[in-house]
Amino acid sequence: MRLLSLAGDGIGPEIMTATLAVLDAARPLCERDIHVESRQIGFAALEGEGSTIPPAVIKAALAADGVLLGPVSHNAYPPREAGGLNPSGVLRKELDLYANIRPARVWPGVRSLANGPMDVVVVRENLEGFYADRNMHLGPGEFMPTPGVALAIRRITEHASRRIAEAGFALAASRPVRKLAAIHKANVMRVSDGLFLDTVRDVAKAYPDVRYEEVLVDAAAAHLVRSPDRFDVLVTTNMFGDILSDLASELCGGLGLAGSLNAGPSHVAAQAQHGSAPDIAGQDKANPASLILSLTMLLRHFGETCAADRIEGAVAACLANPKTRTSDLGGELGTSAFTRQLVQRIETTA
Ligand code: IPM
Ligand code: MN
């Protein structure tokens, strides 16, 4: 299997080094050989190649089986015309990564804000919705017709709604609880979220064993806080999924623990859910768990269950003990010491 590693900006290089060390430790447990190639994206690529995601990187991503994608400082990039493209959006689009799978569950021993048991997966549509950089064939999906007036287009299609619903139902059917909630705002967005819901309902017919409900997005946010155990899999459009997945992960102990996989018909990209945290970059403070857990999702996608289980077990064991946590979780370990703990556990646990 060929993986392409793109470290990104800020804490990206540190957490990518940690993730690759963990992958190395788990290699003996993998059924196939894993070859990793690294390329630069973000500010490093902008300096050298004039673009935050050069065409050669896109080509390499298309040629690889999977991508490991670090966080990017996209908000600080210059305009598109000066090479500042959002690598995350470009890769999602170019590799047809239509599903963003974001699990959020509480970890034993880790302080969480969740009100009771919580184990949900947000299945977020990734290629349309309110995202101006990917919802038009030509030109951006937002514009300013006259000064002081800005318009944004939210594109919802039956095709994208069907794909994401199918991904959500297939996942829900494989989980013990077998529940799926379609999250929407069809009381206001009657036409677009109406189309989304009609399509999800149609897909639901093929999954009689999955309990199906529809929840307004604002109510869903409230329910996640008040009674998270009512949810199992949440399927939703791009922007709602972006926001709800951060809420869900934060309730479960923080974005630092939030794995995330972008998946499409022929490619996958494991991507940390959090940002590039430039304020702590280069200080050996970052928690690499989000990217490491994203790697385990990628490994599972390729059937490398044994390696994924071992890595996840090591993360759970380190998180359970305050002495083997990073400082964002009240621990004392830096990125590299935390990684050494993980590597040791992966290598020694049977
Ligand atoms: C995410 C991020 C991105 C998004 C940003 C960097 C554009 O927040 O992966 O959730 O909104 O999709
Ligand atoms: Mn986000």
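Residue numbers run consecutively from 1 along every chain, following the written order of its sequence. Key to labels: chains lettered from A, ligands numbered from 1, both in the order written. Note on the predicted model: pLDDT of at least 70 is required for a residue's local features to be given, and 80 or more for side-chain atom pairs to be given and counted; whole-chain, interface and lining totals, by contrast, use all residues. Side-chain numbers come from the whole structure's heavy atoms, not from hydrogens or water.

### Brief notes about the site of ligand 1
Phase 1: The local shell around ligand 1 consists of H74, N86, R92, R102, R124, Y131 and D242.
Phase 2: Note that an oxygen atom of ligand 1 is positioned 2.7 Å from one of the side-chain N or O atoms of R92.
Phase 3: When ligand 1 is considered free in solution it has 320 Å² of accessible area, and contact with the protein chains removes 76% of it.
Phase 4: When residues are grouped by polarity, Ala, Val, Leu, Ile, Met, Phe, Trp, Tyr, Cys and Pro land in nonpolar, Asp, Glu, Lys and Arg in charged, and all others, Gly among them, in polar. Grouping the amino acids of the shell around ligand 1 by side-chain chemistry returns 1 nonpolar, 2 polar and 4 charged. Nearness is defined per residue: one heavy atom within 4 Å of the molecule or strand is enough. A 3.5 Å cut-off defines polar contacts: any pair of N or O atoms within that distance qualifies, except that in protein one atom must be a possible hydrogen donor and the other a possible acceptor, and neighbouring residues in sequence count only when both atoms are side-chain atoms. Under the convention used here, a 1.4 Å probe and the Shrake-Rupley method define accessible areas, while residue burial counts only the protein chains that appear.

### Considering the packing of aromatic side chains
Phase 1: Any two rings among Phe, Tyr and Trp, with Trp reduced to its six-membered ring, count as a pair given centres within 6.5 Å; such a pair is stacked if its planes are under 30 degrees apart, edge-to-face if over 60, and tilted if neither. Counted according to the given criterion, the structure contains 3 aromatic pairs.
Phase 2: Seen from their ring centres, F169 and Y207 are 5.2 Å apart, and the 20 degrees between their planes marks the pair as stacked. In this pair, F169 sits in helix α5 (residues 158-174) while Y207 sits in the loop between α6 (192-204) and β9 (211-216), placing the two residues 38 residues apart along the sequence.
Phase 3: Residue burial is assigned from relative accessible area. The probe radius is 1.4 Å, only protein chains are included, and a residue is buried under 20% of its type maximum, exposed over 50%, and partly exposed in between. Classification of Y207 as partly exposed rests on a relative accessible area of 23%.
Phase 4: Seen from their ring centres, F169 and Y212 are 5.9 Å apart, and the 45 degrees between their planes marks the pair as tilted. With a gap of 43 residues between them, F169 in helix α5 and Y212 in strand β9 connect regions that are remote in the sequence.
Phase 5: A relative accessible area of 0% places F169 in the buried class.
Phase 6: Following the ring pairs from residue to residue traces out a cluster consisting of F169, Y207 and Y212.
Phase 7: Cation over ring: R105 sits above W107, and NZ or CZ is 4.0 Å from the ring centre.
Phase 8: For a lysine, the NZ atom is tested; for an arginine, the CZ atom; a charge sits over a ring if that atom is within 6 Å of the ring centre and within 35 degrees of the ring normal. We note R230 situated over the ring of F231; from NZ or CZ to the ring centre the distance is 5.5 Å. Put simply, DSSP marks the helices as runs of H or I at least four residues long and the strands as runs of E at least two long, and each gets a number from the N terminus on.

### What to know about the pattern of salt bridges
Phase 1: Just to be clear on terms, a salt bridge is a Lys or Arg side-chain nitrogen sitting within 4 Å of an Asp or Glu carboxyl oxygen. Under the defined criterion, the tally for this structure stands at 20 salt bridges.
Phase 2: Between R32 and E304 there is a salt bridge whose closest N-O contact spans 2.9 Å. Pair noted here: R32 is in the loop between α1 (12-26) and β2 (35-39) and E304 is in the loop between α9 (289-301) and α10 (305-320), with a separation of 272 residues, a long-range link.
Phase 3: Take R32: its relative accessible area is 35%, and that puts it in the partly exposed class.
Phase 4: A salt bridge links R201 to E214; the nearest nitrogen and oxygen atoms lie 2.6 Å apart. Note that R201 is positioned in helix α6 and E214 in strand β9, a separation of 13 residues in sequence.
Phase 5: For E214, a relative accessible area of 30% puts it in the partly exposed group.
Phase 6: Among the charged side chains, a network of salt bridges with common partners joins R105, R300, D309 and E312.

### A look at α1
Phase 1: Take the residue count of a helix, subtract one, and multiply by 1.5 Å to get its expected span. Its 15 residues place the ends of α1 21 Å apart at the C-alpha level, agreeing with the 21 Å of an ideal helix rising 1.5 Å per residue.
Phase 2: Among all positions in α1, only G12, E14, I15, M16, A18, T19, V22, L23, A25 and A26 are buried.
Phase 3: For α1, the secondary structure elements touched by its buried residues are β1 (2-6), β2, β3 (66-69), α9, α10 and α11 (335-348). Whether two residues are in contact is decided by their heavy atoms: any pair within 4.5 Å suffices.

### Some details on the sheet that holds strand β4 (residues 99-105)
Phase 1: Only strands joined by at least two bridges in the DSSP assignment are considered to pair. Within the open sheet, the 10 strands sit side by side as β2-β1-β3-β12-β11-β4-β5-β10-β8-β9. Their pairing is mixed. Looking at the sheet topology across the chains shown, the edges are occupied by β2 and β9. Direction aside, the axes of adjacent strands within the sheet are offset by 20 degrees on average.
Phase 2: As defined by bridge partners, strand β11 (residues 261-263) adjoins strand β12 (residues 268-271) across 3 bridges and the pair is classed as antiparallel. Bridging from a neighbouring strand, N262 pairs with A269 of β12. Orientation is described by lines fitted to C-alpha atoms, with helices fitted over the stretch in contact, and by angles between N-to-C directions that extend from 0 to 180 degrees.

### Some remarks on the domain arrangement of the protein
Phase 1: We note that the domain assignment places domain 1 (1-85 + 281-350) and domain 2 (113-251) within the protein.
Phase 2: One C-alpha centre belongs to domain 1, the other to domain 2, and the line joining them spans 27 Å. These domain boundaries are the output of an automatic or database domain assignment.

### As for the nonpolar core
Phase 1: Nonpolar cores were defined as sets of buried Ala, Val, Leu, Ile, Met, Phe, Trp, Tyr and Cys residues, with membership established by side-chain atoms within 4.5 Å. L299 and I311 are the most contacted members of the largest nonpolar core, which has 67 residues in total.
Phase 2: A per-element tally of this core places α9 first, with 8 residues.
Phase 3: Here this core spans two domains, since at least three of its residues come from each of domain 1 (1-85 + 281-350) and domain 2 (113-251).
Phase 4: Not counting chain neighbours up to four residues away, the residues in contact with L299 comprise M1, L23, I34, E304, A307, A308 and I311.
Phase 5: If you look at the next biggest cluster of nonpolar residues, it comprises 19 residues, including L4, A61, V72 and A269.

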